[in-house]
Amino acid sequence: MSRTTFRPQVSIVTGGASGIGLAIARRLVDRGSRVIVADVDADKAQRAAADLGTLATAATVDVGDAAAVRDLVEEAVARHGRLDLMVNNAGVAVGGLHEQLDQAQWDLALRVNLGGVINGINAAYPVMRAQRAGHLLNTASLAGLVPAPAMLPYTTTKHAVVGLSTALRAEAAAVGVHVSVLCPGFVDTPLLDNIHTGGPDGDLVFSMRRQIRRVQPRLMSADLVAERAIRGLERDTAIIAVGSTAQVLWRLNRYAPPVARGLVRMQASGVRRMLPKAARLLR
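Keep in mind it's a predicted model, so treat the numbers as computed, not measured.

1. Looking at the pattern of salt bridges
Here's step 1: Considering all chains together, one arrives at seven salt bridges under this definition.
Here's step 2: For the salt bridge of Arg-27 with Asp-223, the shortest nitrogen-to-oxygen distance reads 3.8 Å. One end of the pair, Arg-27, is in helix 1 (residues 19-30); the other, Asp-223, is in helix 7 (residues 222-235), and 196 residues separate them in sequence.

2. Comments concerning unusual backbone geometry
Here's step 1: Non-glycine residue Arg-132 carries a positive phi angle of around 60°.
Here's step 2: For Arg-132, the location among the structural elements is in the loop between helix 4 (103-131) and strand 6 (135-139).
Here's step 3: Its relative accessible area of 51% is what places Arg-132 among the exposed residues.

3. Focus: the sheet that holds strand 4 (residues 85-88)
Here's step 1: Strand order in the open sheet formed by seven strands is 3-2-1-4-6-7-10, with parallel pairing between adjacent strands. Among the strands making up the open sheet, the edge pair consists of strand 3 (56-60) and strand 10 (239-242). Each strand axis lies, on average, 15° off the axis of its neighbour in the sheet, ignoring direction.
Here's step 2: Pairing analysis gives four bridges linking strand 4 to strand 6, with the strands arranged parallel. Among the inter-strand pairings, Asn-88 is bridged to a residue of strand 6, identified as Asn-138.

4. Observations concerning the pairing of strand 7 (residues 178-184)
Here's step 1: Burial of strand 7 is extensive: six of the seven residues sit out of reach of the surface.
Here's step 2: Pairing of strand 6 with strand 7, which is carried by five bridges, proceeds in the parallel orientation. Bridge pairing in strand 7 places Leu-137 opposite Ser-180.
Here's step 3: With helix 5 (residues 152-172) bridging strand 6 and its parallel neighbour strand 7, the resulting β-α-β unit is right-handed.

5. Describing the environment of Gly-96
Here's step 1: Take Gly-96: it is sitting in the loop between strand 5 (93-94) and helix 4.
Here's step 2: Of the residues examined, Gly-96 reaches a relative accessible area of 3% and is grouped as buried.
Here's step 3: Taking C-alpha positions, Gly-96 is 5.6 Å from Met-151, a pair spaced 55 residues apart along the chain.

6. Describing the packing of helix 1 against helix 7
The description of two packed helices rests on the angle between their axes and on the distance between the axes.
Here's step 1: Running from N to C, helix 1 and helix 7 point in directions that differ by 55°, and their axes come no closer than 8 Å. Relative to helix 7, the element helix 1 lies oblique. When the axes of helix 1 and helix 7 are compared, the crossing they make is right-handed. Contacts between helix 1 and helix 7 involve Gly-19, Ile-20, Ala-23, Ile-24, Arg-26, Arg-27 and Leu-28 from the first element and Ala-222, Asp-223, Val-225, Ala-226, Glu-227, Ala-229 and Ile-230 from the second.
Here's step 2: Taken together, the residues that form the contact of helix 1 with helix 7 break down as nine nonpolar, one polar and four charged.

What counts and how
- Residues numbered from 1 in each chain as written.
- Predicted model: local features only at pLDDT ≥ 70, side-chain atom pairs only at ≥ 80, totals over all residues.
- Heavy atoms only, no water.
- Salt bridge = Lys/Arg side-chain N within 4 Å of Asp/Glu carboxyl O.
- Helix = DSSP H or I, 4+ residues; strand = E, 2+ residues; numbered from the N terminus.
- Buried < 20%, exposed > 50% of the residue type's maximum accessible area, 1.4 Å probe, protein only.
- Pairing = 2+ DSSP bridges.
- Axes fitted to C-alpha atoms, helices over the stretch in contact; angles between N-to-C directions.
- Right-handed = clockwise from strand over helix to strand, strands pointing away.
- Parallel < 35°, antiparallel > 145°, perpendicular 65-115°, else oblique.
- Left-handed = near helix turned anticlockwise from the far one by under 90°.
- Contact = heavy atoms within 4.5 Å.
- Nonpolar A, V, L, I, M, F, W, Y, C, P; charged D, E, K, R; others polar.

Right under this line is the structure:
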């Protein structure tokens, strides 16, 4: 059932200065919500908030810092008296075959992609529970619904976010709090150009746009994902899977596991061919 009156008064969006976060923040402002655009990049957060208008304010936060996220939520509630929507969206992309990665890449993914969501929930959920109202939206990925080879830290954390969100949703229903998880396919955002990997040269950042287009030739826009996210919030959808690639692969993984496993193996083989550095490491 659609919640046609979905009009959050106060919202926080982490990772809100660019990509999906910024697109969601824009739609929330359009609905009359006061939006705190929270990002680790202070300058980008300030520019985004200024562009969104008087209903938006900027905040600098490292979502991996539990105390900082708690302070962010407490300041928002102290200023506005409530919190209606917490969008735990901040994330990092970590790619490469297992033999290319070291502990630093695992720690980064766990701290931001999973720890950031946990910290956001731990800060916002008590407020919403006391209000007996509110919605948590956690950004995962298609990689949280199906196995994603050559990005093990990323798919590990995104699967965890899906599990956390669906389990908390069952608990939260009794106290009037809603929980949804956003799982888009590949989106045309700066994240695709900032893939962290390890290897003998240390922590490298590279672009995977060319490789990703072989899996999904047409990248989705952040605006489309934001539109579907808001529609999912209106309908109180548990898992908001966005894009035909996400829908098809998710259903294959659920209803035809052998076919899905075969596709994943093909993808892994393709990645191994496309990453010559990984091949050299194996020799």
